[in-house]
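A closer look at the structure
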Amino acid sequence: MNTLKTSKDFSNVFDGGKKFITATSIFFYLKTSSGDGRLGISVSRRVGNAVQRNKIKRIVRNIFRFFSPKGFDVVVLCRRGEVFNMSTFARDFLKFWKKVY
RNA sequence: AAGGUUUUGAGGCUGGUUAAACUUCUUUUUAGAAGUUAGGAAAGUCCGAACUCCACAGAGCAUAGGGGCAGUUAACAACUGCUGGGAGAAAUCCUAAGGAAAGUGCCACAGAAAAUAGACUGCCUUUUCUUUUUUGUUAAGGUGAUGGUGAAAAGGUGGUGUAAGAGACCACCAUUGCCUCUUGUAAAAGAGGUAGAUAGGUAAACCCCCCUUGGAGCAAGACCAAAUAGAGGAAGGAUAGAGUUGCUCGCUCUCUUCCAGGGUAGGUUGCUCGAGCUUGUAAGUGAUUACAAGCCUAGAUAGAUGGCCAGCAUAACAGAAUUCGGCUUACAUCAAAACCUUUUUU
RNA sequence: GCGAGGAUGGUGGAAUCGGUAGACACGCAUGCUUGAGGGGCAUGUAGAAAUAAUUUCUGUGUGGGUUCAAGUCCCGCUCCUCGCA
């Protein structure tokens with residue numbers, strides 16, 4: 001899976017893309033010209049310690065293995081670590097997936 | 001049985017399914033199989049090293065750090081054993097623990113005085129004046145016993161002594177220095193003698209003595225590819241800057257010309273076989289060391305080590321980024337060993 | 001990876017070489033002034049306990065140490081801010 005790497009890529013999506021806000025996280029998405037999709041994950045230090053942040057990144061990456069974002073650059077920004085687990089994030093992700101595709 | 005002290009170990013397990021990274025093998029051109037995949041603190045970055053570069057990492061001073069003795073170690077501010085001091089009823093725990101009889105500084109408030117024991121107050125003798133005497137008062141001298149404040153007041157108690165007194169002298173006690181002997185590798189301990197010696201505290205204030213100390217850090221560094229570059233070569237050498245986190249010396253480079261100009265950024269490597277791990281034997285009180293056998297046990301690069309289901313259990317602190325040795329801090333639950341105190345029973 | 005600074009009442013911010021901590025300003029409370037508000041003036045203001053005045057104890061992020069005495073000196077920890085590569 002391709003990922004967003006530089007901070008320029010991230011700021012492009014944050015500034016030019018659209019937002020979809022859910023309870024657990026905020027999805028930023030921007031249509032690409034080439035048709036390939038890339039994923040970026042942003043978890044700030046306020047969410048929790050390194051173990052919790054790693055776990056959130058793994059959950060997000062695990063979901064996007066089955067649903068690869070074709071045609072969009074997507075950035076997932078985690079909001080709160082207490083409510084973030086597999087089931088709640090999957091519910092929010094399905095809402096986002098229905099809206100975009 | 002209750003309470004306590006010290007030390008050590010574990011830190012989820014099993015099965016199914018679906019994904020990721022690395023290594024090896026197979027076949028073959030995209031797959032398949034097997035194996036491995038985060039800790040005791042990976043953390044904080046508080047010390048110490050390995051490794052790499054800075055001329056060979058150099059010389060002197062400063063700065064910074066350490067400080068009982070002996071040992072362990074690659075090294076250390078770590079560890080082990082012992083000594084002194086402190087806490088505790090004990091097991092045991094804590095201890096930056098050289099020097100204040102080299103020098104300087106500071107010791108608020110209170111107090112006569114805060115460090116050369118002098119002034120003041122007091123006591124005593126002689127003396128001037130007054131007076132029957134006492135008292136009061138002037139001057140000279142002796143004394144360091146009086147002053148009750150403070151964290152701290154210049155050894156303590158008792159006596160001899162004297163005009164008044166004082167280690168001035170004596171007895172006992174306390175402390176210190178020196179000498180001798182015994183024990184110990186040593187720090188030191190014990191015994192005896194001697195000196196009236198009695199010396200305030202603070203060095204985690206400056207300082208003195210002894211010891212150690214060059215700087216930067218894997219974004220170190222090395223290689224490859226692109227570009228009008230860079231590297232390289234020749235000549236010149238006054239000033240300035242950088243390496244160099246203080247100063248001086250020394251060294252190197254940048255510097256100007258032959259010859260011009262613009263600022264991006266990719267891959268490979270370093271990268272995991274190492275002061276390595278496990279077991280056993282031997283030496284040592286111990287830290288640790290020696291020998292033998294066996295083993296290979298994470299290596300990502302915006303960052304792998306995950307998700308779901310079932311069962312047991314309800315469960316902490318917490319996520320590697322060059323690598324090791326320590327220290328410090330966080331930690332649910334379970335387990336083991338040794339020791340101490342009290343009570344009861346035999 | 002390397003290394004620099006800081007934390008004091010409700011807020012900003014003082015406190016010399018270790019010697020009575022809460023200076024000063026803002027804010028807040030009460031009273032006076034005014035018909036009322038604003039403004040001005042005066043007093044008080046860290047917390048807790050007992051009280052008639054007043055006294056005692058705890059207090060400089062936190063846990064220890066040195067010292068007669070620590071906001072200050074030393075060590076460990078927590079949090080915040082900043083710099084270099």
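Rules behind the numbers
Residues numbered from 1 in each chain as written. Chains lettered and ligands numbered in written order. Predicted model: local features only at pLDDT ≥ 70, side-chain atom pairs only at ≥ 80, totals over all residues. Heavy atoms only, no water. Helix = DSSP H or I, 4+ residues; strand = E, 2+ residues; numbered from the N terminus. Buried < 20%, exposed > 50% of the residue type's maximum accessible area, 1.4 Å probe, protein only. Contact = heavy atoms within 4.5 Å. Near = heavy atom within 4 Å. Polar contact = N/O pair within 3.5 Å; in protein donor to acceptor, adjacent residues only side chain to side chain. Nonpolar A, V, L, I, M, F, W, Y, C, P; charged D, E, K, R; others polar. Axes fitted to C-alpha atoms, helices over the stretch in contact; angles between N-to-C directions. Parallel < 35°, antiparallel > 145°, perpendicular 65-115°, else oblique. Left-handed = near helix turned anticlockwise from the far one by under 90°. Patch = residues over 30% accessible without salt bridge, like charges linked within 9 Å, V, L, I, M, F, W, Y side chains within 5 Å. Areas by Shrake-Rupley, 256 points an atom, 1.4 Å probe, with all protein chains shown as cover. Salt bridge = Lys/Arg side-chain N within 4 Å of Asp/Glu carboxyl O. Lys, Arg positive; Asp, Glu negative; His and termini not counted. Charge placed at Lys NZ, Arg CZ, Asp CG, Glu CD.

Another aspect to go through is the environment of Leu30. Examined against the element boundaries, Leu30 turns out to sit in strand β2 (residues 25–31). Residue classification places Leu30 among the partly exposed positions, given a relative accessible area of 25%. For Leu30, the residues in contact, after removing those within four places along its chain, are Asn12, Val13, Gly16, Gly17, Gly71, Phe72 and Asp73.

So, on to the side chain of Asp92. With respect to the helices and strands, the residue Asp92 is situated in helix α3 (residues 86–100). Judged by relative accessible area, Asp92 falls into the buried class, the value being 4%. The contacts of Asp92, once residues within four sequence positions are left out, are Phe20, Thr22, Ala23, Thr24 and Phe27.

Turning next to the protein's contact with RNA strand B. Taken together, 14 residues surround RNA strand B, and among them Asn54, Lys55, Arg58, Arg61 and Arg65 come closest. Counting only the atoms of RNA strand B that lie within 4 Å of the protein, the sugar and phosphate share comes to 69%. Contact distances for RNA strand B include 3.3 Å between a base nitrogen and a side-chain N or O atom of Asn54. Within the side chain of Arg61, a nitrogen or oxygen atom sits 3.0 Å from a phosphate oxygen of RNA strand B. The element that contributes the greatest number of residues to the surface near RNA strand B is helix α2 (residues 50–66), accounting for nine residues. Split into classes, the residues belonging to the surface near RNA strand B amount to five nonpolar, four polar and five charged.

What follows deals with the packing of α2 against α3. Remark: α2 packs on α3, axes separated minimally by 11 Å, with the N-to-C direction vectors making an angle of 45 degrees. Considered as vectors, α2 and α3 are oriented oblique to each other. Like other packed secondary-structure pairs, α2 and α3 cross with a definite hand, here right-handed. Residues Ile59, Val60, Asn62, Ile63 and Phe64 of α2 touch α3, and the partners they reach there are Met86, Phe89, Ala90 and Phe93. Partitioning the contact of α2 with α3 into residue classes produces eight nonpolar, one polar and no charged.

Together, Lys55, Lys57, Arg58, Arg61 and Arg65 give the surface a local cluster of positive charge. When you line up the elements, Lys55 lands in helix α2. Judged by its relative accessible area of 55%, Lys55 falls in the exposed class.

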